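For reference, the chains in residue letters:
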Amino acid sequence: MNILAFESSCDETAVAVVRDGRTVLSDVVLSQADMHAIYGGVVPEIASRKHVEAIAGLADAALEQAGLTRQDIDAVAVTYAPGLIGAVLVGVSFAKSAAYALGVPLIPVHHIRGHIAANYLAFPELEPPFLALAISGGNTLIVDVRDYTDMEILGATRDDAAGECFDKAARVLGLPYPGGKPMDQLAQQSQGGKYDLPRAQVSGSDLDMSFSGLKTAVVNLVHNAQQKGEELDKSALARDFTMAVSDELIPRMALALQRTGRTVVAAAGGVAANSIIRTRLQEACSQAGARLYLPPLRLCGDNGAMIGAQAYYEYLAGHTAPLDLNAYATMDLDQQIQK
Ligand code: KG4
């Protein structure tokens, strides 16, 4: 089954063709990051307009790269939640038109389910059940993936996402947007241990997380130093910051493993590209006797292939949508739209 998949929830317009949920026939991604970098973050209106400009050309490019024609497409899939509403709407509108024109089913895919499914593309042997650590620019979740379309959120951030925290900390340090990768490169140049940053405990659930206090602490620390004219050790700060983020994530992942008795972990989302977090996750999983799947860096960020992968399993579960499908800015990944 060849699925033409669209992703436009933030600042990447992405289209892919995926066969039977596991084989990527094409995967084209157009990042708008350079455009948003001028403003230090994603400007939603600009994102929507750039998606409109790019999406039709990328759909043709994805078909061409796959060596297929429109007649070879068996279904159209699209990210319909969560994301910047105007941006998601562009993908949903285009996908609905494509499904209608081609006379094929339309499959709505939750963005984070897609991130988790990126692992199916990289690791053919991976099958549920497993635990997923989904860490991206907009979401931070510990998920029990009971089956391909049956998931339970075990823990989540109460405020900012880990990626957002990286981007804000990078911004105050004068690094370009998106800040995760430059922070990672900076952190690798230091052993850290210089800056005392907070680790949050949230009440009510020991698997829930919080990043807003850490973000504020970094912003205050940098502003304080600037006002006093003190020199900052930016690489030490980047390292200490990354350790604080990973202290929020990794012990909770280990606790979730212990509680559920699962023996497999899959990482997902842009922040899963972080070198320190990857190493520390590997250490924690080895200690817990769990097998860890870390997707290659190109599959951590937003892409269309991950949407095509998850779409196959949504289709098998009967999760197709009528042509009045809407886009949603927020939606839990264990929620399913009503047909
Ligand atoms: O998954 P993604 O591409 O988009 C969303 O679905 O949100 O994640 C983007 C986020 C950004 O916040 C970016 O700064 C972060 O992932 N990121 C990283 C790294 N590479 C990207 N964060 C930490 N370390 C990295 N190496």
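S.K.: Pulling in residues and values, what's your account of the packing of aromatic side chains?
M.R.: Throughout the structure, instances matching the rule amount to nine aromatic pairs. The interplanar angle of 55° and the centroid separation of 4.8 Å between the aromatic rings of Phe123 and Tyr293 together place this pair among those described as tilted. Here Tyr293 lies in strand S10 (residues 291–293) and Phe123 lies in the loop between helix H4 (111–122) and strand S6 (130–135), a separation of 170 residues in the sequence. Tyr293 carries the same exposure label as Phe123, and that label is buried. Here a set of aromatic residues connected by ring pairs shows up, and it is made of Tyr120, Phe130, Tyr148, Tyr312 and Tyr313.

S.K.: Got a sec to walk through the state of the cysteines? Specific residues and values, please.
M.R.: Inspection of the entire model under this criterion finds zero disulfides. Cys165 takes part in no disulfide bond, and the closest cysteine sulfur to it belongs to Cys10, at a distance of 16 Å. When its relative accessible area of 0% is taken as the criterion, Cys165 is described as buried.

S.K.: Talk me through the sheet that holds strand S2 (residues 12–19); I want residue IDs and the actual numbers.
M.R.: Spatial strand order, S3-S2-S1-S4-S5: five strands in an open sheet with mixed pairing. Each having just a single partner strand, strand S3 (23–31) and strand S5 (106–110) make up the two edges of the open sheet. Direction aside, neighbouring strands of the sheet carry axes that sit 20° apart on average. Inspection of the sheet shows strand S1 (residues 2–7) paired to strand S4 (residues 75–81) by four bridges, in the parallel sense. If you follow Ala5 over to S4, its bridge partner there is Ala77. In the packing of helix H3 (residues 85–102) onto the sheet, the strands contacted are S1, S4 and S5, and the crossing angle to S4 comes to about 160°. Set on the sheet, helix H11 (residues 304–316) makes contact with S1, S2, S3, S4 and S5; between it and S1 the angle comes to about 125°.

S.K.: Can you tell me about the packing of helix H5 (residues 162–172) against helix H8 (residues 234–260), naming the residues and giving the values?
M.R.: H8 packs onto H5 with a crossing angle of 165° between their chain directions and a minimal axis gap of 11 Å. As far as their axial angle goes, H8 and H5 are roughly antiparallel. Seen along the crossing, H5 lies across H8 with a hand that is right-handed. On the side of H5, the interface is formed by Ala162, Cys165, Phe166 and Ala169, while H8 contributes Phe241, Thr242 and Val245.

S.K.: Which residues make up the site of the ligand, and what values do they have?
M.R.: Taken together, 21 residues lie near the ligand, and His111, Gly137, Asp167, Gly270 and Asp302 sit nearest. Within the side chain of Asp302, an N or O atom sits 2.9 Å from an oxygen atom of the ligand. Summarising the interface, the protein chains cover 86% of the accessible area of the ligand, which totals 560 Å² for the free molecule. For the shell around the ligand, the elements supplying multiple residues, two or more each, are H4, H5 and helix H6 (180–187). Residue-level mapping places the shell around the ligand at the junction of two domains, with at least three residues from each of domain 1 (2–116 + 301–316) and domain 2 (127–298).

S.K.: Explain unusual backbone geometry residue by residue, including any values.
M.R.: Both trends apply: most residues other than glycine have a negative phi, and most peptide bonds are in trans. With an omega of -20°, the peptide bond running from Ala81 to Pro82 counts as cis. Checked against the element boundaries, Pro82 lands in the loop between S4 and H3. Cis rather than trans, the peptide bond between Pro128 and Pro129 has omega equal to 5°. Summarising the element assignment, Pro129 is placed in the loop between H4 and S6.

S.K.: Now, about the pairing of strand S9 (residues 264–268): what can you tell me, with residues and values included?
M.R.: For S9, a buried count of five out of five residues is recorded, marking the element as mostly surrounded by other parts of the structure. Residues of S9 alternate between two faces, with Val264, Ala266 and Ala268 on one and Val265 and Ala267 on the opposite face, all of them buried. Bridge count for S6 against S9 is four bridges, and the pairing is parallel. Paired with Ala132 across the strands is Ala266, a residue of S9. Of the strand pairs in this sheet, S9 and S10 are connected by three bridges, and their pairing is parallel. From the neighbouring strand, Ala266 faces S10, where its bridge partner is Tyr293.

S.K.: Now, about H5: what can you tell me, with residues and values included?
M.R.: Regarding H5, the residues found buried are Ala162, Gly163, Cys165, Phe166, Ala169, Ala170 and Val172. Elements that come into contact with the buried residues of H5 comprise strand S7 (140–147), H6, helix H7 (212–228), H8 and helix H9 (275–288). Gly174, located one to two residues past H5, shows a positive phi value of around 80°.

S.K.: Can you break down the environment of Met209 residue by residue, with the values?
M.R.: Here Met209 is to be found in the loop between H6 and H7. Along the backbone, Met209 and Val245 are 36 residues apart, and their C-alpha atoms lie at a distance of 9.8 Å. Not counting residues up to four positions away in its chain, the partners in contact with Met209 are Thr140, Ile142, Gly155, Ala156, Thr157, Arg158, Val202, Glu248, Leu249 and Arg252.

Quick notes on the rules
- Residues numbered from 1 in each chain as written.
- Predicted model: local features only at pLDDT ≥ 70, side-chain atom pairs only at ≥ 80, totals over all residues.
- Heavy atoms only, no water.
- Phe/Tyr/Trp six-rings, centres within 6.5 Å; stacked < 30°, edge-to-face > 60°.
- Helix = DSSP H or I, 4+ residues; strand = E, 2+ residues; numbered from the N terminus.
- Buried < 20%, exposed > 50% of the residue type's maximum accessible area, 1.4 Å probe, protein only.
- Disulfide = S-S within 2.5 Å.
- Pairing = 2+ DSSP bridges.
- Axes fitted to C-alpha atoms, helices over the stretch in contact; angles between N-to-C directions.
- Contact = heavy atoms within 4.5 Å.
- Parallel < 35°, antiparallel > 145°, perpendicular 65-115°, else oblique.
- Left-handed = near helix turned anticlockwise from the far one by under 90°.
- Near = heavy atom within 4 Å.
- Polar contact = N/O pair within 3.5 Å; in protein donor to acceptor, adjacent residues only side chain to side chain.
- Areas by Shrake-Rupley, 256 points an atom, 1.4 Å probe, with all protein chains shown as cover.
- Domains from an automatic or database assignment.

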